[in-house]
Structure formats: C-alpha cells, structure tokens
Amino acid sequence: MRRLSVLAGVVVWTGLVFLGLSPPAMASTAQRLVPAPREATLSGARTGALSRIVIRQPAGSGPVLKASAARFEARMKQAFGLSAAGRAFPVRIECACAPGSGFALGGDESYELMITRSRARIRATTEVGVMRAFATLLQLAQRDEKGFSWPVGDVRDDPRFPWRGLMIDVARHFQPIEALQRQIDAMELMKLNVLHLHLSDSEAFRVESRLYPRLHEVGSFGQFYSQAEIRSLIEYAAARGVRIVPEFDLPGHSLAMIYAYPMLASAPVPDPPWILPVRRNAVIDPTREEVYAFLDGLIGEMTALFPDPHFHTGADEVNGIEWSASASISAFMKERGFARPEDLQAYFSGRIHDMVSRRGKTMIGWDEIFAPDLPKAVLVQSWTSSKMTGLAARAGHKVIVSAGYYLDWLTPSSFLHARDPLDLTAQGLTPEGFDRVRGSPLERLISERFVLDPTLRLTAEEEARILGGEAAMWTELVTPEKLDATIWPRAAAVADRLWSRPEATVVPLDERLEAVSERLENAGLRHVASPQAMQARLAPEGGTVVATLLEALEPVKFYAHNHESRSGGRAPLQSFADLADALPPESLPARRFNRQVAEYLAGDRSLAGVLTDRLTRWRDNDASFQALLARNPALKDAASASSDLSRLSDAALEALGRLQDRSLRAGGRDARIDELMRTHLAHQAASADALASFIRPQPPGDVLLAPFDGLRALIEAGG
Ligand code: TNX
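Computed from a predicted structure; not experimentally measured.

## What about the overall build of the protein?
Now for step 1: Of regular secondary structure, the protein possesses 30 helices and 19 strands.
Now for step 2: Here the C-alpha radius of gyration of the protein, 27 Å, is about what a compact globule of 719 residues would show, namely 27 Å.
Now for step 3: Based on the C-alpha atoms only, the size of the protein along its principal axes is roughly 85 × 70 × 50 Å.
Now for step 4: Residues classed as buried in the protein amount to 58% of the 719 residues present.

Quick look at the structure:
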C-alpha cells in the first residue's frame, strides 16, 4: 500500500497499467536514486540491452566537459563492461556551457535528461549541470543479461540547497592525496559540491608554508601537502564540480602552530606527545601586535593558494583557561573592558575578519564565532546545535549546518537523513539533558549553545540565509584505512537531504543505500574492501564464519568507542585495530533484516523464507565461531555477541514458527531470553546519545548487535 501512495507523489508514472508492471518493480529506477531528483517521468519501458555508448559533445566543448564525459564512459565500462562492437547508443549533450560554468556558490546545477528507446539527451546550461546529469544517468543504468539498459523517460532536477559539503579533518590523521581524490570522486557521484579541509589543529599543521616554513617542517610532524599538491587537488576537485574550502583553526585548536612558532603562545609550550588537556587548552595570544602581523602573513599566503572565495578560520572550543592564567592577557582584557574570554575572542575574530575580507574573501567560523558585533558578512557553520543555525540566521548571517551531520558519531544513515537543515530542533540537548551535564565532568565541554529552544522561529527571509550543510568527518580515531568506511555510504544520506526536496524522497533512504554503496565501491571507493582487509588481519582464517558474525555487528555509537577520551586523552598512543575499528559504522544487511521483519509483521508473509534462512544462519554460526576463537584470541571481543546472536536468533525462529502457524500454542517465553533482551536494550541505551556514550559502561568489545531491533520485534510478536 505504501508503494501505491508513492505514486501520488511528485514522481509521475505513466503507462503503468498498460505495461502490467508492478509498482515495486517501477520503484527500482528513478525513485531509488541518491540523491532523489526533483521530478522523474518514466514510461515503464526500457531502452533494451545496450553494450556500447557514444557521447556526442556540443561543438567547442572545453576540456572539463570532455573529461567529465570520458569519466562517465569509464565508469559505465567499469560497471557494465562496455564493448567496442554492436549498436552504439547515442548520449547527446546539449549545453552551450562556458568553461568553469556552474561552479561558483549558487551556480546553476540544474539539468534535464530525456531518454528514449534510441537515444539519451542531456540538457543543461553549465558544465556542472552536465556532470550532475551524468551522475544520474550512471545510477539509472541497470544490469541486463547482455549489458545494461536505461529506463525510458525524463528527469528534471536541481538542488534544494546550494552548499552541500563534506568536511574532512586531515590534521588529526593525515589523509593522503589519493584518499582525498577518492572522496572527491564519490562526492561527484552524490552531487556534493564542497570539500572543506580542516588543515590545522593542535595535532598538526598540514600545508607547506613558504612564508613560515616551520609550520610544515615542525608543525606537520612529517606529513603535509606541498603547495603543488594542493593546487593539483583543487584542480582535480574543480573538474568534478567540487570547490575546496580551506580551514585554519584559530585561535584555539592551534598547538601545532604554536609549537612551530612559540611567539604565538599564550602559555609556555610543552614538548609532545600532548595528552588531552594540553591540546584542548592551547590558544594563540590575541593581545600582541606581532601575533597579528604573523597571522596576516599566513592569511595572505593561504588565501592566495586557495582560490575559493570562502576562507574558514575555525573559532571553535576556545576555553579561555590560558588567557585567564596569563597576567599580561588579563591586563589587556581589563584595559579594553573585556569581562569574559568570549569578549576577547570576539575582538580577535574582528581582527581576523579584517585580514580575510581585505583579500576579498568571505570568512567562515564555527558557531562559537557568533557574537553580537560579528560582521554580518561572516558565514556561520553550526555544529553545537540546530539552535545556533537559527540564532545566526536570525541575526543576519548566512549559515551552513553541520549540527547532527557528524560522521564520527557512527550513527546510522537514517539518523543523518532525518535531520533537516531548516528544522531548528533537529539536533541538540534538551533542557533536561543539559541539567544532567551540570556538575559532571562534561560540564566544561558543554555550554548553553548546545541546548535547544523549541520557541525559535525564522521568517522566510531568515530561512533563505541557510545555504545548506556539511557532513563532518573528524579523524582523531580515523586512520586512512578507516576513512572510506567512516564516510561512505552514510554521507550519501546527507547528500540526499541537501539536494532533494523532502517530498521527492519517497523511497526510504535505507532501501536506496545498498545499490549506492555498490556503485561507490565500483567507482574506486574502499568502504567495503578496507573493513574486509582489517577483519582479515584480525582473523586470518575467519572465512564465512567470521563474516557472518561481523555482518551482524556495529560499533557502539557517538563517542563510546570513537573518542580520544576513551584512551584517557592519549589518542596518539591508541590502537586503531580493535574489532570495533574494523566494523563499518552501519551494517546495511542487518538494517535490511530489521526492515524485513517490520514488513513481515505488517503483513508481508512472503518474507518468512528469507527471515528463516537468515536466522538459521545466525543461530548455527556460533558453534563454528567459538571453535575458531580457541585458535584466534583476537576475536574474543565478539564471543558474547556471537552466542547472544545465536540464542536470540533461535528464539526468533521459534517466534516466527508460531506466527506462521497460529495453531502452535504460545508456550511462554524462556525467562532467560527476556533477560538477554534487557541486556541488549541496555547496550543500545549506553550509546543512544552523546551524553550517555561518554559516561556509561559499554558492551564487551564496544560492539552492538545490529539486528537486535528486528530480533526483538519478532520475539515479542511471537508471544
Ligand atoms: C568538536 S566540531 C570539535 C572537533 C572535534 C569534534 C569531535 C568542532 C568545531 N570542534 O575539534 O574533532 O568535536 O566530534
């Protein structure tokens, strides 16, 4: 029934009845796209099997357009193995597009796609519009016995928000250029258009500086990007319709800079390795003119290196401890009438803004930069809560939203997808949650910025200042090997939220994500291969037994595993090779199981067989796993998860049997199963939100049973 109501949505289907196609089969094409297009009118017919395409470029097309056509063809070949012989299906590009067109913020990324049985046409007004059309066309292609085919029909599409980004922290863990290129490839396919690089933090400064060479020589600890590498990465991104926005975090998160140039310091600089409070408290001295002269030089050099009109200068998490402890800084504050460290930071922001705007750039800051006198030209990036999105927009700032889009939280794609940038209560602490923090060790990390205000409303004009958002990939615990799987395919949920009109996303994201994941891996991403390689190192003789178990596990959420404070703030000394590190944040097969249970319980009895197979496999896997464990102690973290999965699957099988055959009397559930379910509910609750994840004890090995919701639903329904 749900599928039928979908037909009334913006996606228009015609000829359905004539062709005798069932709605679910139809839903496998345009509705399954990520991000979902504004409008798709498909006839239900298909092109027929194709094995060769020929792309017809407009006369005088520039190198960027030519390269994107070549990329499209290569990806089609990679996915479907195009042949050199046979009928060539023409894909015609109609675009009088100027080189570089559509690339600037707010540029025209719209396109139209018209597919008939004999040809496909792309119509756009900019190069980037054509790239977006290629991304859609690639996803629309479906494997056929003899190659692939496309659905016949039209797509008309353009983005809901102009700023659709991915932030990657390359300071905490250096990420090689090739890793960044892979992320840009995936961004192009998901129609994301901003790569925000967090290039400096307390752990390291990552760009070659000709002006202040100690920044990269000393402050990078040996891993940095040369200016030539940065230039070629910018070009690589631009060719894919992705802008690169650099961030240099000031005045906090800056110990690496201070270590390289101690004259910047507010307090004496210790030698590394630096454990947590040292890194967190380190802050630049905002009272001395030679400090501003230095920063002016740096901003001059870096605004010239990075051509984007936006320049991010951080501003997050300045705690003021070093400022208050310094006699000279305190004297400066008194003289200027600055009562609180925030006032001093606002003064600093004003000075930095002068330097950035003098170079013709728009400054961006994390939401702590938001203060009464902040120049309205500064763009605010909200992260502490959706309230900050609203407050900044109301005050006249343009805003990009990262609150709720934290990939390092390891939350499922459904969590990311559920947060709308315009919903001012989407992400944040409730007042009760805030009360729980008061008096706890977390208090110093949390301010009233994190607390939601349910009364906050914006006018249409204020709302229009919200430009979009960015998924945020902080990498304190994310090595290059973990990068792809921590970002993909979950970042596609944010891409869908930012590109698609809510009414166009009629098929739940979960149901669309498996195909996307496959396409991304196909395009060279390693979110599937890398975790598999890590798992193989943990259990060299694991085979399908280990794979069957690990597919049912996820790491605990929020900061329960993925936070440096878990190792007492000694992140540099931590191992990143635990079982929980080798698991992708979200198990798509387990989520599919949970969905199938819900559909079965809603009346779709045809799923009984699939569920039985899956449950039988989980039930029987444990015996082999425990045997393997004797030889492979590295997996001991998963021992109890394996036996619990087996017991719960056994109980779920029994419940399923009763649901299938009502004549089997409910025998009353084993009390030990109820006990086990309570245990796993507690496991889930221990990382159900950020606060809990910091303070509650976590399950063995920091792992959760990903199909638990489905197992429990079956067991409870079966009586
Ligand atoms: C807060 S978000 C930070 C980062 C950390 C992140 C971990 C922001 C502007 N600052 O420095 O990496 O939390 O989730």
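## Some words on empty space enclosed by the protein
Now for step 1: In the structure shown here, the tally under the stated rule is nine cavities of 30 Å³ or more.
Now for step 2: Here the largest cavity defines a volume of roughly 130 Å³.
Now for step 3: Lys482, Thr486, Ala580, Asp581 and Leu583 are the residues nearest the centre of the largest cavity, which is lined by 16 residues in total.
Now for step 4: When contributions to the lining of the largest cavity are tallied by element, the ones reaching two or more residues are α19 (480-487), α22 (529-538) and α24 (579-582).
Now for step 5: It is α19 that provides the largest number of residues to the lining of the largest cavity, a total of four residues.
Now for step 6: Looking at the lining of the largest cavity residue by residue, the classes come out as 10 nonpolar, three polar and three charged.

## A word on the site of the ligand
Now for step 1: As a structural note, the neighbourhood of the ligand is formed by Arg172, His253, Asp316, Glu317, Trp366, Trp383, Tyr406, Asp408, Trp474, Glu476 and Tyr559.
Now for step 2: Glu476 places a side-chain nitrogen or oxygen 2.6 Å from an oxygen atom of the ligand.
Now for step 3: Between the ligand and the protein, one listed contact pairs an oxygen atom with a side-chain N or O atom of Tyr559 at 2.5 Å.
Now for step 4: For the ligand, the protein covers 95% of the area, taking 370 Å² as the surface of the free molecule.

## Section: the pairing of strand β13 (residues 310-314)
Now for step 1: The element β13 is largely enclosed, with a buried count of five among its five residues.
Now for step 2: Here strand β12 (residues 243-250) pairs with β13 via two bridges, running parallel. For Leu250, the partnering residue across the bridge sits in β13 and is Gly314.
Now for step 3: Two strands pair when backbone bridges link them, and β13 and strand β14 (residues 362-366) are joined in this way by three bridges, in the parallel orientation. For His310, the partnering residue across the bridge sits in β14 and is Thr362.

## A few points about the state of the cysteines
Now for step 1: According to the stated counting rule, one finds one disulfide in the structure shown.
Now for step 2: What pairs with Cys95 in a disulfide is Cys97, and their sulfur atoms sit 2.2 Å apart. Comparing Cys95 with Cys97, the two get one shared label, buried.

## Observations regarding unusual backbone geometry
Now for step 1: For the bond running from Val34 to Pro35, omega is -5°, close enough to zero to count as cis.
Now for step 2: Tracing the sequence through the fold places Pro35 in the loop between α3 (23-26) and β2 (39-46).
Now for step 3: The peptide bond linking Pro272 to Pro273 adopts the cis configuration, its omega dihedral lying at 0°.
Now for step 4: Tracing the chain through its elements places Pro273 in the loop between α9 (255-260) and α10 (276-281).
Now for step 5: Phi angles above zero are rare outside glycine, and Phe558 is one such case at about 50°.
Now for step 6: Unlike most non-glycine residues, Asp702 shows phi in positive territory, near 60°.
Now for step 7: Looking at the element boundaries, Asp702 is found in the loop between α29 (690-695) and β19 (703-705).

## Here's the deal with the nonpolar core
Now for step 1: Grouped together as the largest cluster of nonpolar side chains are 156 residues, with contacts concentrated most on Met76, Trp150, Met257 and Trp488.
Now for step 2: Of all the elements, helix α11 (residues 289-305) adds the most residues to this core, at eight residues.
Now for step 3: Apart from residues lying up to four places away in sequence, Met257 is in contact with Phe205, Leu215, Leu250, Leu264, Ile284, Phe294, Leu295 and Leu298.
Now for step 4: Met534, Leu611, Leu648 and Leu659 belong to the second largest nonpolar core, which has 44 residues in total.

## A word on the pattern of salt bridges
Now for step 1: Applying the stated criterion across every chain yields a total of 47 salt bridges.
Now for step 2: Two residues, Asp343 and Arg340, come together in a salt bridge whose shortest N-O distance is 3.1 Å.
Now for step 3: Since its relative accessible area comes to 23%, Asp343 is described here as partly exposed.
Now for step 4: The exposure class assigned to Arg340 is partly exposed, which follows from its relative accessible area of 44%.
Now for step 5: The residue Asp674 makes a salt bridge to Arg669 at a minimum N-O spacing of 2.8 Å.
Now for step 6: Classification of Asp674 by relative accessible area gives partly exposed; the value is 22%.
Now for step 7: A relative accessible area of 28% means that Arg669 is categorised as partly exposed.
Now for step 8: Salt bridges here are not isolated pairs; linked through shared partners, they connect Asp169, Arg172, Asp201, Glu203, Arg279 and Glu476.

## Things to note about the confidence of the model for the protein
Now for step 1: Looking at the protein, pLDDT values average 92 and 94% of them are 70 or higher.
Now for step 2: For the stretch residues 1-26, pLDDT sits under 50, and the model shows 37 contacts to residues farther than four places along the chain or on other chains.

## Some thoughts on the sheet that holds strand β15 (residues 379-382)
Backbone-to-backbone hydrogen bonds join strands into a sheet, with any given pair of strands oriented parallel or antiparallel.
Now for step 1: With respect to topology, eight strands assemble into a closed barrel ordered β10-β11-β12-β13-β14-β15-β16-β17, the strand pairing being parallel. Strand-to-strand twist of the sheet, defined as the mean angle between neighbouring strand axes without regard to direction, takes the value 30°.
Now for step 2: The pairing of β15 with strand β16 (residues 399-401) spans three bridges and is classified as parallel. Looking at β16, one finds that Val380 is bridged to Val399.

What counts, and at which threshold
Residues numbered from 1 in each chain as written. Predicted model: local features only at pLDDT ≥ 70, side-chain atom pairs only at ≥ 80, totals over all residues. Heavy atoms only, no water. Helix = DSSP H or I, 4+ residues; strand = E, 2+ residues; numbered from the N terminus. Rg over C-alpha atoms; globule rule 2.2 N^0.38 Å. Buried < 20%, exposed > 50% of the residue type's maximum accessible area, 1.4 Å probe, protein only. 1 Å grid on protein atoms, 1.4 Å probe; cavity = no way out; pocket = protein on both sides within 12 Å on 5 of 7 lines; lining within 4 Å. Points joined across faces, edges and corners; volume = space filled by probe spheres on them. Nonpolar A, V, L, I, M, F, W, Y, C, P; charged D, E, K, R; others polar. Near = heavy atom within 4 Å. Polar contact = N/O pair within 3.5 Å; in protein donor to acceptor, adjacent residues only side chain to side chain. Areas by Shrake-Rupley, 256 points an atom, 1.4 Å probe, with all protein chains shown as cover. Pairing = 2+ DSSP bridges. Disulfide = S-S within 2.5 Å. Core = buried A, V, L, I, M, F, W, Y, C linked by side-chain atoms within 4.5 Å. Contact = heavy atoms within 4.5 Å. Salt bridge = Lys/Arg side-chain N within 4 Å of Asp/Glu carboxyl O. pLDDT = per-residue confidence, 0-100. Axes fitted to C-alpha atoms, helices over the stretch in contact; angles between N-to-C directions.

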